[in-house]
Protein chains: 2
Amino acid sequence: MSDLLARRTRLLGPNVPTFYERPLQIVRGEGVWLFDDTGRRYLDCYNNVAHVGHCHPRVVAAIAAQASVLNTHTRYLHEGILTYGERLTAKFSHDLNQMLMTCTGSEANDVALRMAQAMTGKTGLIATDNTYHGNTTAVAHLSTRRPPIGGYPPHIRRVPAPDSLAPLGGSLAAQPQAFAEGVARAIAELEASGHGFAGIMLCPIFANEGTPGIGPGFLDPTVEVVRRAGGLILCDEVQPGFGRVGTHWWGHDFLGFAPDVVTLGKPMGNGHPVAAVIARPEVMAAFRNAFGYFNTFAGNPVSCAAASAVLDVIEDEGLVENAREVGAYALGLLRELRHPLIADTRGFGLFFGIEFARDGQPATEFCGRVVEAAKDAGLLLGRVGRGQHILKMRPPMPFSRANAAQLVETLDAILRKMPA
Amino acid sequence: MSDLLARRTRLLGPNVPTFYERPLQIVRGEGVWLFDDTGRRYLDCYNNVAHVGHCHPRVVAAIAAQASVLNTHTRYLHEGILTYGERLTAKFSHDLNQMLMTCTGSEANDVALRMAQAMTGKTGLIATDNTYHGNTTAVAHLSTRRPPIGGYPPHIRRVPAPDSLAPLGGSLAAQPQAFAEGVARAIAELEASGHGFAGIMLCPIFANEGTPGIGPGFLDPTVEVVRRAGGLILCDEVQPGFGRVGTHWWGHDFLGFAPDVVTLGKPMGNGHPVAAVIARPEVMAAFRNAFGYFNTFAGNPVSCAAASAVLDVIEDEGLVENAREVGAYALGLLRELRHPLIADTRGFGLFFGIEFARDGQPATEFCGRVVEAAKDAGLLLGRVGRGQHILKMRPPMPFSRANAAQLVETLDAILRKMPA
């Protein structure tokens, strides 16, 4: 493994992200399990890309079958993109019935930002000050990890993100309104600066912000503010989408609002690089007529076959209901965990967080140690939030009650051994 | 087919690009052949994505095998990306020995621009005024198809592209120096405006510009100008790369200059969405330390398996030599074609152009009719150049002498029937 690390540094350069102080060499995946080079298995409670389970045989078969018949671009006509897109858009309400395919969620978000600009004729864009929407230059401007060379462009405004330890407006109850007021201030700034307001990009469950107090109705005041200003709501469903929230296929339907544009990514092809933008027809037309967009690999027959197989498996294996039922069961168990640093345990469907705090401040280092200890105990977890102090659990969708029990029992054993 | 077109418009919206007045419905691909829904076969002389031939069984088998074992991200260690990257970078000189993987050429170019900015601490970027480097917001700024909402950003300068009908400097001989002078002027403007000069992005064979008078040494004066100004040369090898030019693996080696960054895309995975940036270590480090770049799908084991299989096939089937030999044979035949509107016939390896002009002006409409007639005669061709007046031929690399003969015989029959 040290050999692999040295080869990575030599080949890939410095600062290439890995998980864990001593990264895992993973060689095989199956369902909710990942296996390392020693044959040890890990319960994957983190990777949402393998949405229907690692190496699901139906997805693999669909890819292999289509790859052997045809893989080309969409400048020729093909049934695959149509059959898939018609089926996918049928899962949306709010006139969200047109699709543009890309290869990555980053590309999808990059397009969504331009849709807002094309629709409004304005350039100003808003995101929260604790988020991540991808890695292209344009969407990296929305993220707060590192400032771009030359600084943030003036048409980008970052608004205070919802927070659980220090809620906007002073309380979780006041937070939805306070968040909307932040958005209203940013819109006023964009309008005063001459950029105008094109749109706001949000993950509807605020996954990277740690889902602080999120639930149905949370965004209602914000949606009203955005609508009144004539801007678009760009909903990044890369994390909540495809049924993860359990009660609904999409996070925005769980929260109960109507976006103008939805972006999809990670889970869509179970690892195959495929992503999409779903939009109302007038928004799609504004973009399509303003930009001559073409994406060579996007919407190719193999990507569509992979993505169709993912829909097949979600439906045939009842994975949305599974997310709801097992999710509720797991959340119940997680809420029984006791530790002095647990500030909150929350979740919806198969997306959970345990927030660690000490004296009302993020227990960053503690949370990091939990993640490392979990790895040593055979559990893969992540972390999230402003202080990277919230355990993030987002397992493949076939996660079972037995998996949930193992997760919670293992976490319990770990927490018992970790003094506050 | 009209049903498919109607469904496309309903699902995908307006202005989604297709080839041909009556687009083809392609259902199967094999080697250099594509098959439509009626079973008719077409000799594919255009699609460079299927670099080693449509649906090459070794690439399909590699994808299927790896997809059934593991497909996850690079935050875990895996042999696949290392074995592939070491093998790929070994094909480069000029200290171009580090790799960053992406899913698309657009993403690769988007990263390359930031590498230049990170390395120089400046923002100014240059491209030609008749090019295309991809579809993200940042790289679309380099393209000249449609201006972005809010106009082109001031740190982008477009320089006059080389041209064959109206060469810069008045002659093909003067063009390399004249092009370099345009670059020098743009650099001076960027420096005067305070943006400074970060880099220039070029396709080394100027594929989208129609390869006007390009050959070894063409970029020498430009390289000197860029070096003197302290900027980076970002070489977009999406079209010439992986041996297409026949004499070399990469277009920049064919031209004989040393880029700082090379981007790879379309042919790399034979249709699987995989792309990469190759850079000198100090350039990679500057980028990696300035940006926290991570790309979920990029460099996954399946993408690396697909890309490795492409290298296997290129090597085992001798496809670079094939491009040189069959390319020279085909170019010889193409140069025997006679028509009053043929202004020039040129090419290198398996990349050819026939330029049509009338009274020294692009014969745009004529070239369009040739492409349509070729389709009806079972040949897939494209077109390129400022006036879309240059037939573009860029077939899969296993193109044979018999394929070349068919191409030229069919073109000859078409041209004989088309009055000037």
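Throughout, a residue's number is its position along its own chain's written sequence, starting from 1. Ligands are numbered from 1 and chains lettered from A, in the order in which they are written. Local features in a predicted model are, by the rule used here, given only for residues with pLDDT of at least 70; side-chain atom pairs are given and counted only at 80 or more, and totals for whole chains, interfaces and linings are based on all residues. Side-chain descriptors were evaluated using all non-hydrogen atoms of the structure, hydrogens and water having been removed beforehand.

- Chain A has the name 4-aminobutyrate aminotransferase-2 in an unreviewed UniProt entry, where Rhodobacter capsulatus is given as its organism.
- UniProt positions are given in the numbering used here, feature names are shortened, and annotations may be inferred rather than shown by experiment. Its UniProt record gives chain A a comment under Cofactor (unreviewed entry), which states: "pyridoxal 5'-phosphate".
- Per its UniProt entry, chain A bears the Sequence similarities (unreviewed entry) comment "Belongs to the class-III pyridoxal-phosphate-dependent aminotransferase family."

### Quick look at the sheet that holds strand β7 (residues 197-202) of chain B
Either a parallel or an antiparallel arrangement is found when strands of a sheet pair, and the pairing is made through backbone hydrogen bonds.
Residues and elements named next belong to chain B.
Piece 1. When DSSP locates at least two bridges between a pair of strands, those strands are taken to pair. Counting from the N terminus, the helices are the DSSP runs of H or I reaching at least four residues and the strands are the DSSP runs of E reaching at least two. Ordered in space as β4-β10-β9-β8-β7-β5-β6, the 7 strands form an open sheet in which the pairing is mixed. Looking at the sheet topology across the chains shown, the edges are occupied by β4 (98-102) and β6 (156-159). With direction set aside, neighbouring strand axes in the sheet form an average angle of 20°.
Piece 2. Two strands pair when backbone bridges link them, and β4 and strand β10 (residues 275-279) are joined in this way by 5 bridges, in the antiparallel orientation. The residue bridging M99 from the neighbouring strand is I278, located in β10.
Piece 3. Here helix α3 (residues 79-89) sits on the sheet and contacts β4, β9 (261-264) and β10; the angle it forms with β4, its principal contact strand, is near 120°. Lines fitted to C-alpha atoms define the axes, with helix axes restricted to the stretch in contact, and inter-axis angles between N-to-C directions lie between 0 and 180 degrees. Two residues form a contact once any of their heavy atoms are found within 4.5 Å.

### Overview of the nonpolar core
Piece 1. To form a nonpolar core, buried Ala, Val, Leu, Ile, Met, Phe, Trp, Tyr and Cys residues must be joined to one another through side-chain atoms within 4.5 Å. For the exposure calls, accessible area comes from a 1.4 Å probe over protein chains only, and a residue counts as buried if that area is under 20% of its type's maximum, exposed if over 50%, partly exposed in between. Counting residues in each nonpolar core, the largest one holds 242 residues, and the members touching the most others are F356(A), L407(A), L411(A), F356(B) and L411(B).
Piece 2. Beyond its immediate chain neighbours, meaning those up to four positions away, L407(A) contacts L43(A), C45(A), L334(A), L379(A), L381(A), M393(A) and F399(A).
Piece 3. Counting 28 residues, the second-largest nonpolar core is a separate cluster that includes L113(B), V261(B), V277(B) and A279(B).

### Here's the deal with the relation of the copies chain B and chain A
Piece 1. Once chain B is rotated about the relating axis by 180° and shifted along it by 0.0 Å, it coincides with chain A to within an RMSD of 0.0 Å. As the rotation angle and translation indicate, the two copies are arranged about a two-fold axis. The rotation axis passes nearest to the C-alpha of A64(B) in chain B, at a distance of 2.5 Å.
Piece 2. Interface overlap between copies is the fraction of interface residues in one copy that are interface residues in the other; for chain B against chain A it reaches 100%, indicating a shared surface. To line up the copies, we fit them by least squares on C-alpha atoms, keeping just the residues with pLDDT of at least 70 in both.

### Details of the packing of helix α3 (residues 79-89) of chain A against helix α10 (residues 301-316) of chain A
Residues and elements named next belong to chain A.
Piece 1. Two elements in contact, α3 and α10, have axes separated by 9 Å at closest approach and are oriented at 35°. Our pair here, α3 against α10, has a crossing hand that is left-handed. Residue-level contacts link G80, I81, Y84, R87 and L88 of α3 to C304, A307, S308, L311, D312 and E315 of α10.
Piece 2. Asp, Glu, Lys and Arg are counted as charged, while Ala, Val, Leu, Ile, Met, Phe, Trp, Tyr, Cys and Pro are counted as nonpolar; the rest, among them Gly, fall into the polar class. Taken together, the residues that form the contact of α3 with α10 break down as 6 nonpolar, 2 polar and 3 charged. Crossing handedness: left-handed means the near helix sits turned counterclockwise from the far one by under a right angle, and right-handed means the same turn made clockwise.

### Quick word on the domain arrangement of chain A
Residues and elements named next belong to chain A.
Piece 1. All the domain ranges listed were derived from an automatic or database domain assignment. Segmentation of chain A into domains returns domain 1 (2-52 + 318-417) and domain 2 (57-316).
Piece 2. Relative placement of domain 1 and domain 2: their C-alpha centres are 25 Å apart.
Piece 3. With 32 residues of domain 1 at the interface, the matching set in domain 2 holds 37 residues.
Piece 4. What gets called buried area is simply the loss in accessible area from a 1.4 Å probe that two parts show on being joined, summed for both. Both sides of the domain 1 and domain 2 interface together cover about 2600 Å² of buried area, and 56% of this is carbon and sulfur.
Piece 5. One side-chain nitrogen of Lys or Arg within 4 Å of one carboxyl oxygen of Asp or Glu is enough to make a salt bridge. Counting across the interface, domain 1 meets domain 2 through 2 salt bridges.
Piece 6. Between R386 and D129 there is a salt bridge, with its nearest N and O atoms 3.8 Å apart.
Piece 7. Polar contact is the term for a pair of N or O atoms within 3.5 Å; when the atoms are in protein, one must be able to donate a hydrogen and the other to accept it, and sequence-neighboring residues count only if both atoms are side-chain atoms. Applying the counting criterion to the domain 1 and domain 2 interface returns 18 residue pairs in polar contact (both at pLDDT 80 or more).
Piece 8. Of all the secondary structure elements, the ones that give two or more residues to the side of domain 1 that touches domain 2 are α11 (319-334), β11 (342-348), β12 (351-358), β13 (361-362) and β16 (390-393).
Piece 9. Here the residues of the side of domain 1 that touches domain 2 sort into 17 nonpolar, 9 polar and 6 charged.

### Re unusual backbone geometry
All names here are of chain B.
Piece 1. With a phi close to 60°, N15 is a non-glycine residue in the positive phi region.
Piece 2. Within the secondary structure, N15 sits in the loop between α1 (2-12) and β1 (26-30).
Piece 3. The exposure class of N15 is partly exposed, given its relative accessible area of 37%.
Piece 4. At F242, a residue that is not glycine, the phi angle is positive and equals roughly 65°.

### Quick word on the sheet that holds strand β8 (residues 232-236) of chain A
All names here are of chain A.
Piece 1. Ordered in space as β4-β10-β9-β8-β7-β5-β6, the 7 strands form an open sheet in which the pairing is mixed. This sheet does not close on itself; its edge strands, each paired only once, are β4 (98-102) and β6 (156-159). Strand-to-strand, the axes of this sheet are offset by a mean angle of 20°, without reference to chain direction.
Piece 2. Where strand β7 (residues 197-202) and β8 come together, 4 bridges link them in parallel fashion.

### Points about the interface of chain B and chain A
Piece 1. Between chain B and chain A, the contact holds 96 residues from the first and 97 residues from the second.
Piece 2. Roughly 8400 Å² is buried in total at the junction of chain B and chain A, and carbon and sulfur atoms are behind 60% of that figure.
Piece 3. Counting every contact that joins chain B to chain A gives 4 salt bridges.
Piece 4. The closest approach of N and O atoms between R7(A) and E86(B), which form a salt bridge, is 2.8 Å.
Piece 5. Put simply, chain B and chain A have 40 residue pairs in polar contact (both at pLDDT 80 or more) between them.

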